[in-house]
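# A structural walkthrough
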Amino acid sequence: MNRIINYLVDAIGGVLFYFGQTKLRTALTLMGITVGVSSIIAIMTVLETFEQSTESLVADMKTNIFYITKDNPVQVQFGNDAGWGKRKIPRITWDEYEQLKRNLTLVTNMAATTTEEPSDRTISVGKEELKSRLASFWGSDGDVLSVSKYDILDGRNIQDVDIENASRVAIVGYYIKEQLFPYSNPVGQNIEIDNIPFEIIALTEPKGELLGQNMDSMIGIPISTYLKYYGGKGWRGRPDLQLILEAESMDTLEDATDEAIGVFRAIRKIPPGEPNNFYIATNDQLMDTFGSFTSSIKIFVGLIAGILASCVFAMIHGFASITYKGNQIVSGVAINILASGLTMILTVAWFKTGGITPTLQSDDRFLSITLPGVDIIDHIPLIGVIYRELISGHN
């Protein structure tokens, strides 16, 4: 027993002696290992948090909602799309919204909105100003609360008379109450938006955060009022609106979407065979697009994590082989054993699949890239094979 204790004391003493002889190199190597491991842990934590937020977003969004917009909501556009240049697509107007609302039979709720997200409007009550940016400032009609899943805690909704008269009335989120009316009920009191006074007619119930955005930091006013004071003159003929529609259920979503497309084409007098001069999208399509975007992020996060992991093991190898002049073969074998063991442990901890990582789909991989001119050069003996197999076709 004494021999074992003496051996451990000698070993620890030797390690501390070598640390003392190479303080700078040892400190830099340990710092590199710490930074590398911490970076991998941080990346995995961010990914897990991001996935949880995405799942929360999917659960919170109504799946029987669809949208009619001027711009494509599910794709970033460069140039023309389906023969329609961006300038050729007409704005969605209030008159078109009213015609559509009168003719649809499979839609339970429908709202026309124009939104600033986030908004730099100055929000104040007396001399007290809202210190943070407003997450959402919108103009719409009363149905927007239903389709956006907001419930009124106190007060009333926006009514037709408010829209007809462009009334200066506002609906505020719970965050506005906490910041500007901490000790009183805001309903019935005044709030200024860019120094224009509004009467608060409703306070919504708290919704919390969604993907880092405070859903309670919002103010809504009648759409006519919004466009009168913040969107220019002649609001009935010129607004660029987004229409939000709610089908009766998921079972009727496809039929409601088809009906909306047909009615809106008729309103715009689009000839048969011509493409739509508007876009329509469901929440499922938006979430599919969002999922594709997150998959692209994961690919590059995985690439960065792989680079960091290789740097960490290179530092460990350098620490053993250079700092302490150890045998490089022994060090390399030990690192391979360590990496294999860590792979099993981490996959069990992260994926709960018994040490086997989930199968990646093609969208989650770096696919091979075919360089230009392969078809032209391919028929040339030897050169074609070298260009196609050796130079091109790699990821």
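Please read all numbers here as calculations on a predicted model, not as lab measurements.

A few words on the overall build of the protein. Per the secondary structure count, the protein includes 12 helices and 14 strands. The buried share of the protein, reckoned over its 395 residues, is 35%. Partitioning the intrachain contacts of the protein with sequence separation of at least 6 by distance along the chain shows that 72% fall at a separation of at least 24. When the accessible area of the protein is evaluated, it comes to approximately 23,400 Å², of which 58% is carbon and sulfur surface.

Attention now goes to helix 3 (residues 94–103). Residues of helix 3 that are buried: Trp94, Glu96, Tyr97 and Leu100. For helix 3, the buried positions fall inside an angular range of 155 degrees around the axis, keeping them on one side. Looking at the buried residues of helix 3, the elements they touch are strand 1 (65–69), strand 2 (107–116), helix 5 (160–164), helix 7 (223–229), strand 13 (242–247) and helix 8 (253–268).

Here the focus is the pairing of strand 12 (residues 218–222). Within strand 12, 5 of the 5 residues are buried, leaving the element largely enclosed by the surrounding structure. The pairing of strand 5 (residues 136–140) with strand 12 spans 5 bridges and is classified as parallel. Residue pairing in the sheet places Trp138 in a bridge with Gly220 of strand 12.

A few words on the confidence of the model for the protein. Predicted confidence across the protein gives a mean pLDDT of 77, with 69% of residues reaching 70 or more. Across residues 76–87, confidence stays below pLDDT 50; counting only partners more than four residues off in sequence or on other chains, it has 12 contacts. Overall, residues 233–237 carries pLDDT values under 50, and its contacts beyond four positions in sequence, including any with other chains, amount to 11 contacts.

Attention shifts here to the nonpolar core. Formed by 63 residues in total, the largest nonpolar core has its most connected members in Ile68, Leu100, Ile176, Ile219, Ile221, Leu243 and Leu245. With 7 residues, the top contributor of residues to this core is helix 8. Residues in contact with Leu245, not counting those within four places in the same chain, are Asn64, Ile65, Phe66, Ile68, Leu100, Leu104, Val107, Asn109 and Met110.

Given a rise of 1.5 Å per residue, 16 residues ought to cover 22 Å, and the 22 Å separating the end C-alpha atoms of helix 8 matches this to within 8%. For helix 8, the set of buried residues is Leu253, Ala256, Thr257, Glu259, Ala260, Ile261, Val263, Phe264, Arg265, Ile267 and Arg268. On the buried face of helix 8, the contacting elements are strand 1, helix 3, strand 2, strand 13 and strand 14 (279–282). In the segment just after helix 8, Lys269 is the residue with positive phi, at about 55 degrees.

What follows covers the side chain of Ser124. Relative to the helices and strands, Ser124 is located in strand 3 (residues 123–125). Setting aside its immediate chain neighbours within four residues, Ser124 contacts Glu129, Ile191 and Glu192.

Bringing the pairing of strand 8 (residues 190–193) into the picture now. Walk down a regular strand and you will see the side chains alternate between the two sheet faces. Alternating residues of strand 8 divide into Ile191 and Ile193, all buried, and Asn190 and Glu192, none buried. Pairing geometry for strand 8 and strand 9 (residues 196–204), over 4 bridges, is antiparallel. Paired with Ile191 across the strands is Phe198, a residue of strand 9. Adjacent in sequence and paired antiparallel, strand 8 and strand 9 are bridged by 2 residues, among which Asp194 carries a positive phi angle near 55 degrees.

Per the stated rule, a full pass over the model turns up 8 salt bridges. The salt bridge involving Arg121 is made with Glu116; its shortest N-O contact spans 2.7 Å. For Arg121, a relative accessible area of 22% gives the class partly exposed. Taken together, the salt bridges that share partners define one network made up of Lys101, Asp141 and Asp143.

Attention shifts here to the packing of aromatic side chains. What the rule picks out here adds up to 5 aromatic pairs. By the ring-pair criterion, three or more aromatic residues cluster together here, those being Phe137, Tyr226 and Tyr230.

For the rest of this paragraph, the subject is the packing of helix 3 against helix 8. At their nearest, the axes of helix 3 and helix 8 sit 10 Å apart, and the two run at 135 degrees to each other. What the angle tells us is that helix 3 and helix 8 run oblique. Between helix 3 and helix 8 the crossing geometry is right-handed. Judged by residue contacts, Glu96, Gln99, Leu100 and Asn103 of helix 3 engage Glu259, Ala260, Val263, Phe264, Ile267 and Arg268 from helix 8.

Analysis parameters
Throughout this document, residue positions are counted from 1 along each chain, in the order its sequence is written. Selection of residues for local features in this predicted model requires a pLDDT of at least 70, selection of side-chain atom pairs for listing and counting requires 80 or more, and totals for whole chains, interfaces and linings are taken over all residues. Excluding hydrogens and water, the side-chain values take into account all heavy atoms of the structure. Numbered from the N terminus, helices here are DSSP runs of H or I no shorter than four residues, and strands are runs of E no shorter than two. A simple rule labels every residue: compare its accessible area, found with a 1.4 Å probe on the protein chains alone, to the largest value its type can have, and call it buried under 20%, exposed over 50%, or partly exposed in between. Note on definitions: a residue-residue contact is assigned when non-hydrogen atoms from the two residues lie within 4.5 Å. Accessible surface is estimated by sampling points in the Shrake-Rupley manner with a 1.4 Å probe; for residues, cover comes only from the protein chains shown. The directions considered for the arc run from the helix axis to the C-beta atoms. Here the rule is simple: two strands pair whenever DSSP picks up at least two bridges between them. Per residue, pLDDT captures the predictor's confidence, and it can take any value from 0 to 100. Note on terminology: a nonpolar core comprises buried Ala, Val, Leu, Ile, Met, Phe, Trp, Tyr and Cys residues joined through side-chain atoms within 4.5 Å. In a helix, the anticipated span is given by 1.5 Å times the number of residues less one. For salt bridges, the criterion is a side-chain nitrogen of Lys or Arg within 4 Å of an Asp or Glu carboxyl oxygen. Note on ring pairs: Phe, Tyr and Trp rings are taken, using the six-membered ring of Trp, and paired if centres are within 6.5 Å. Classes follow the plane angle, with under 30 degrees stacked, over 60 edge-to-face and the rest tilted. All axes are obtained by fitting lines to C-alpha atoms, using only the stretch in contact for helices, and the reported angles, taken between N-to-C directions, cover 0 to 180 degrees. Geometric relationships in this document are graded by angle, where less than 35 degrees denotes roughly parallel, more than 145 denotes roughly antiparallel, 65 to 115 denotes roughly perpendicular, and other angles denote oblique. Helix crossings get a hand from a simple test, with the near helix turned counterclockwise from the far one by less than a right angle marking a left-handed crossing and a clockwise turn marking a right-handed one.

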